[in-house]
Amino acid sequence: MSQNISYLKKLNNESVVQRVINCLTDGMINKELRPGDKIPTELELSESLGVGRNSIREAIKILVYLGVLEIRRAEGTFVCEGFTESMIDPMIYGIILNQSDSYGNLMELREMMEAGVIRLAMTKYTEEDMQNLEEKLRCMKSEIEKGSKNTDAVFQADNEFHDAVSHMGHNPLIDKINRVVQMLTWSIRLDTVTHMVGTGRGQELYEAHEKICRMLKERNTNNLNQNIRDTYFENVMKNA
C-alpha cells in the first residue's frame, strides 16, 4: 500500500478485531477518513495493520452493522454519511443490558434530556412549529375525551407531542438521542398514561402537557424542571 496513513499501525494480538475497529474509528475522529470516503481494501488493511484478513473482515462487518460503514457492491467499503437508524439500536441494547441501571438513573436521564430539548426548542422554534405543537396538543385532548378505554391512542398522541417538541429544536443529532431515551422509557410512560386515563385523570395529563406548551410559547424557563417532572406523575404511580 503506497499511502502513509497514520491511523493504520501494526497491532498486537490482543483483541485484534477491536483494535482494527479502533484504528478505523480513530481515522474518522482525526478526519483522515471522512463521510463518503472509501476505506482501504481488506488486503491493504491486512498488510498495513499486520493482521489476518479474517480479522479485518469481522471488524468491517461489525462497523457495517453499527451503521458506520457501508459496502457498495463492486465499488468497495465506504464511511457512511450521516446518522443511520442502525446506529441507535446497539446503544439501546447496551443500556438495557446494563444491570447497574436503576429506575432513578433512568428518570434523571429522562428529565435532563427533556429539559435540554425544551430549552433548545425555545430558542429555535418557528411559528409553524408552534402551530404544529398546538395541533398535537389538541389531538391529545381529543383522544383523552374519548374515554378510559382509549389509552393506546392517547399514548400515541403523547409520543407525537414530545416528538414535535424535539423537532422544534431543529437538531437531528438531538432528535436521535431523544429517541433513544423515549425507547428506554417506553414502558414507564405507557404505564403512566394507562393509569391516568384509565382512572379518569386524563384531564390532569392534558393540563400538564398544556403547561409545557404554554411555557414553550412564552419562552419561560421558570420552574421548567418541576413542570417536566409534573408530567411524570411519579407520586400518583407510586401510590397506585
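Residues numbered from 1 in each chain as written. Predicted model: local features only at pLDDT ≥ 70, side-chain atom pairs only at ≥ 80, totals over all residues. Heavy atoms only, no water.

(A) Molecular detail of the overall build of the protein chain. A count of helices and strands for the protein chain gives 12 helices and two strands. When its helices and strands are written in sequence order, the protein chain yields α-α-α-β-β-α-α-α-α-α-α-α-α-α. Taken over 240 residues, the protein chain has a buried fraction of 40%. In the protein chain, once contacts between residues fewer than 6 apart in sequence are set aside, the share between residues at least 24 apart is 69%. Here the protein chain has roughly 13700 Å² of accessible surface; of this, 49% comes from carbon and sulfur atoms. (Helix = DSSP H or I, 4+ residues; strand = E, 2+ residues; numbered from the N terminus. Buried < 20%, exposed > 50% of the residue type's maximum accessible area, 1.4 Å probe, protein only. Contact = heavy atoms within 4.5 Å. Areas by Shrake-Rupley, 256 points an atom, 1.4 Å probe, with all protein chains shown as cover.)

(B) The confidence of the model for the protein chain, seen in detail. For the protein chain, the average pLDDT comes to 87, and 85% of its residues sit at 70 or higher. When pLDDT is averaged over each element of the protein chain, helix α6 (residues 127–144) comes out on top at 98 and helix α4 (residues 88–96) at the bottom at 63. (pLDDT = per-residue confidence, 0-100.)

(C) Structural context of the nonpolar core. In terms of nonpolar packing, the biggest core is built from 40 residues, with Ile 118, Leu 133, Phe 161, Leu 205 and Leu 216 touching the most fellow members. Among the elements of the structure, α5 (103–124), α6, α7 (151–167), α8 (172–184), α9 (186–198), α10 (202–218) and α11 (224–230) are those that each provide at least two residues to this core. Sort the elements by how many residues they give to this core and α5 lands first, with eight residues. Residues Leu 33, Ile 39, Leu 63 and Val 68 belong to the second largest nonpolar core, which totals 18 residues. (Core = buried A, V, L, I, M, F, W, Y, C linked by side-chain atoms within 4.5 Å.)

(D) Structural view of the pattern of salt bridges. With the rule as written, the count across this model stands at 12 salt bridges. A salt bridge links Lys 136 to Glu 160, with the nearest nitrogen and oxygen atoms 3.9 Å apart. Taken as a pair, Lys 136 in helix α6 and Glu 160 in helix α7 lie far apart in primary sequence, 24 residues in all. Overall, the relative accessible area of 23% leaves Lys 136 in the partly exposed class. The partner of Glu 210 in a salt bridge is Arg 214, and the shortest N-O contact between them spans 2.5 Å. With Glu 210 and Arg 214 both in helix α10 and four residues apart, the pair spans about one turn of that helix. Residues joined in a network through salt bridges with shared partners are Glu 42, Arg 53 and Arg 57. (Salt bridge = Lys/Arg side-chain N within 4 Å of Asp/Glu carboxyl O.)

(E) A look at unusual backbone geometry. Of note, Arg 219 is a non-glycine position whose phi angle comes to about 55°, a positive value. Its location among the elements puts Arg 219 in the loop between α10 and α11. Arg 219 sits in the partly exposed class, given a relative accessible area of 45%.

(F) Representation of the environment of Met 168. Checked against the element boundaries, Met 168 lands in the loop between α7 and α8. Judged by relative accessible area, which is 1%, Met 168 ranks as buried. It is 8.0 Å that separates the C-alpha atoms of Met 168 and Met 122, two residues lying 46 residues apart in sequence.

(G) Geometry of the packing of aromatic side chains. Evaluation of the coordinates by the stated rule reveals one aromatic pair. With a centroid separation of 5.0 Å and 85° between ring planes, the pair formed by Phe 155 and Trp 186 is classed as edge-to-face. Separated by 31 residues along the polypeptide, Phe 155 in helix α7 and Trp 186 in helix α9 bring together distant segments of the chain. Look at Trp 186 and you get partly exposed, because its relative accessible area is 42%. Across the ring face of Phe 78, the terminal group of Arg 72 is positioned such that the distance to the ring centre comes to 3.9 Å. (Phe/Tyr/Trp six-rings, centres within 6.5 Å; stacked < 30°, edge-to-face > 60°. Lys NZ or Arg CZ within 6 Å of the ring centre and 35° of its normal.)

(H) Structural detail: the packing of α5 against α8. For the pair α5 and α8, the least separation of the axes is 10 Å and the interaxial angle reads 145°. Crossing of α5 over α8 shows left-handed handedness. Contacts from Leu 106, Leu 109, Arg 110, Met 113, Val 117 and Leu 120 in α5 reach Ile 174, Ile 177, Asn 178, Val 181 and Leu 184 in α8. Looking at the contact of α5 with α8 residue by residue, the class counts come to nine nonpolar, one polar and one charged. (Axes fitted to C-alpha atoms, helices over the stretch in contact; angles between N-to-C directions. Left-handed = near helix turned anticlockwise from the far one by under 90°. Nonpolar A, V, L, I, M, F, W, Y, C, P; charged D, E, K, R; others polar.)

(I) Helix α3 (residues 53–65), seen in detail. Relative to the 18 Å expected for 13 residues at 1.5 Å per residue, α3 spans 18 Å between its end C-alpha atoms, a close match to the ideal helical length. Within α3, the full set of buried residues consists of Ser 55, Ile 56, Ala 59, Ile 60 and Leu 63. Summarising the axial view, the buried residues of α3 lie within an arc of 130°, below the 170-degree limit, and thus occupy one face. Relative to its buried face, α3 has exposed residues pointing more than 90 degrees away, namely Asn 54 and Lys 61. Each element contacted by the buried residues of α3 is listed here: α1 (16–29), α2 (42–49), β1 (69–72) and β2 (76–79). Directly beyond the C-terminal end of α3, a positive phi value near 80° is found at Gly 67. (Expected span 1.5 Å × (residues − 1). Arc of directions from axis to C-beta.)

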